[in-house]
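A closer look at the structure
Spelled out, the chains give:
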Amino acid sequence: MDNSTLIGMASIITAGLTIAIGAIGPALGEGRAVAQALSAIAQQPDEKNTITRTLFVGLAMIESTAIYCFVISMILIFVNPFWNYMIAR
Amino acid sequence: MDPMSLKDISPDAVILWQGKGISLNATILFTWLVLLLLTLVSWLATRNLSAGIKISRWQNLLEALVSGIRNQIHEVCQRKTDRYLPFIGALFLYIAACNFLTIFPGYLAPTGSLSTTVALAICVFIAVPVFGVADQGLRGYLKRYIQPNVFMLPFHVIGEFSRTLALAVRLFGNIMSGTKIVAILIAIAPLFFPIFMHALGLLTGLIQAYIFAILAMVYIASATRTQQEKEEAARSQSETTANQTSLDNRKEIGKNG
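Notes on the structure follow. (Residues numbered from 1 in each chain as written. Chains lettered and ligands numbered in written order. Predicted model: local features only at pLDDT ≥ 70, side-chain atom pairs only at ≥ 80, totals over all residues.)

Counting its secondary structure elements, chain A contains three helices and zero strands. Helices (α) and strands (β) of chain A occur, in sequence order from the N terminus, as α-α-α. For chain A, the C-alpha radius of gyration of 20 Å lies well beyond 12 Å, the compact-globule estimate for 89 residues. If you line up chain A on its principal axes, its C-alpha atoms span 65 × 20 × 10 Å. Taken over 89 residues, chain A has a buried fraction of 13%. Contacts in chain A between residues at least 24 apart in sequence constitute 86% of all its contacts with a sequence separation of at least 6. (Helix = DSSP H or I, 4+ residues; strand = E, 2+ residues; numbered from the N terminus. Rg over C-alpha atoms; globule rule 2.2 N^0.38 Å. Buried ≥ 20, exposed ≤ 12 C-beta atoms within 10 Å, placed from the backbone. Contact = placed C-beta atoms within 7 Å.)

And the structure:
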């Protein structure tokens, strides 16, 4: 197995693992956040606007970790620097 | 004009025209188009404004938009100020327009390129200290960095940079993932499914524009917080006195009745 095959294989497997593992934490966190926000709205419907806005901002914060993982896996697949280096050589 | 192929990660890679040492990529072209469109629409809509009862449709639209953004800003920074309206409103309208125009075939959202989102995030990065210093002076602003004690200084500085990075990568990742998923679905199931993902992409685009603007506002509000706390204390005091007077009024009414 030569170097370019190894790099390609490692990149693809790592990209899949990155997004798979990286999606677990934010999914659990977002589920918890939405559940809490829903029960808060059920208890205090008057504060709906504030809760919804804070929920969206918080969800964006939580989601950004998953987005980082996604960006890393996209970089590994589309613009992999090691792969480009091997191809250019 | 052929849209982005599956191999390209951002519209930066789509070179439309190449001159001597200068190349025009899709990001720059569509940014110009969006800016032109926004300017043209606002110019046409604000050409003959009227304060009367009869207003044009476009004025109605712009009034609804501006007052909506204004209410959101007032709710986040909890005081009635219009100082942040131009900056936050421009961020929101620009990102929302960029993301909404993807309904036109052949258009690539400039926000799907890391260069655009980093530029927007750097605008926020510069705007936070500018508004902070303008609000509470250089000393007051810098004091925020050593707030609990001086050991927190590195964490404040790291936080400043990491949230800027997060702001840029979040917008880029969301928009890029939307276009990428549509491109992949067109390759494997081209009949109906890309439409649903495209609709989801429009929703995500609007939410991301909202989140970008709100986060920028939250950061600016946190840099100008001490002022706000002072005002809040004053307001709560006046509120208690107002409550007292209303109670007194009610008592009097009860006495009279």
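Turning our eyes to something else, we now look at the interface of chain B and chain A. Contacts between the two partners involve 14 residues from chain B, matched on the other side by twelve residues from chain A. At the level of elements, helix 5 (153–188) and helix 6 (193–223) of chain B are the ones that each hand at least two residues to the side of chain B that touches chain A. Each residue belonging to the side of chain B that touches chain A can be placed in one class, and the counts come to nine nonpolar, three polar and two charged. (Nonpolar A, V, L, I, M, F, W, Y, C, P; charged D, E, K, R; others polar.)

Right, let's talk about the pairing of strand 1 (residues 15–18) of chain B for a bit. Residue and element names in this part refer to chain B. The pairing of strand 1 with strand 2 (residues 23–25) spans three bridges and is classified as antiparallel. In the sheet register, Trp17 faces strand 2, and the bridge partner there is Leu24. Connecting the antiparallel pair strand 1 and strand 2 is a turn made up of four residues, with Gly21 showing a positive phi of about 75°. (Pairing = 2+ DSSP bridges.)

The next subject is helix 4 (residues 114–143) of chain B. The end-to-end C-alpha distance of helix 4 of chain B, which contains 30 residues, comes to just 33 Å, noticeably less than the 44 Å that a straight helix rising 1.5 Å per residue would cover. The largest bend along helix 4 of chain B measures about 115° and falls at Gly137 of chain B. (Expected span 1.5 Å × (residues − 1). Bend = angle between axes of the 7 residues up to and from the residue.)

As for its placement among the helices and strands, Val169 of chain B is situated in helix 5. With 20 C-beta atoms counted inside 10 Å, the residue Val169 of chain B sits in the buried group. Sequence-wise, Val169 of chain B and Leu153 of chain B are 16 residues apart; in three dimensions their C-alpha atoms are separated by 25 Å. Once residues lying within four places of it in the same chain are set aside, the contact partners of Val169 of chain B are Ile67, Tyr68 and Val71 of chain A.

In this section: the environment of Leu142 of chain B. As for its position among the elements, Leu142 of chain B is in helix 4. Sequence separation of Leu142 of chain B and Gly132 of chain B is ten residues, and the distance between their C-alpha atoms is 9.2 Å.

Here we take up the nonpolar core. With 48 residues, the main nonpolar core has Ile88, Leu91, Phe212, Ala213, Ala216 and Met217 of chain B as its most contacted residues. Among the secondary structure elements, those contributing two or more residues to this core are helix 2 (48–78) of chain A together with helix 1 (26–45), helix 2 (57–77), helix 3 (85–100), helix 4, helix 5 and helix 6 of chain B. Considering every element that reaches this core, the biggest residue donor is helix 6 of chain B, with ten residues. Excluding residues within four positions of it along the chain, Ile88 of chain B makes contact with Ile69, Ile73, Ala213, Ala216 and Met217 of chain B. (Core = buried A, V, L, I, M, F, W, Y, C linked by C-beta atoms within 7 Å.)

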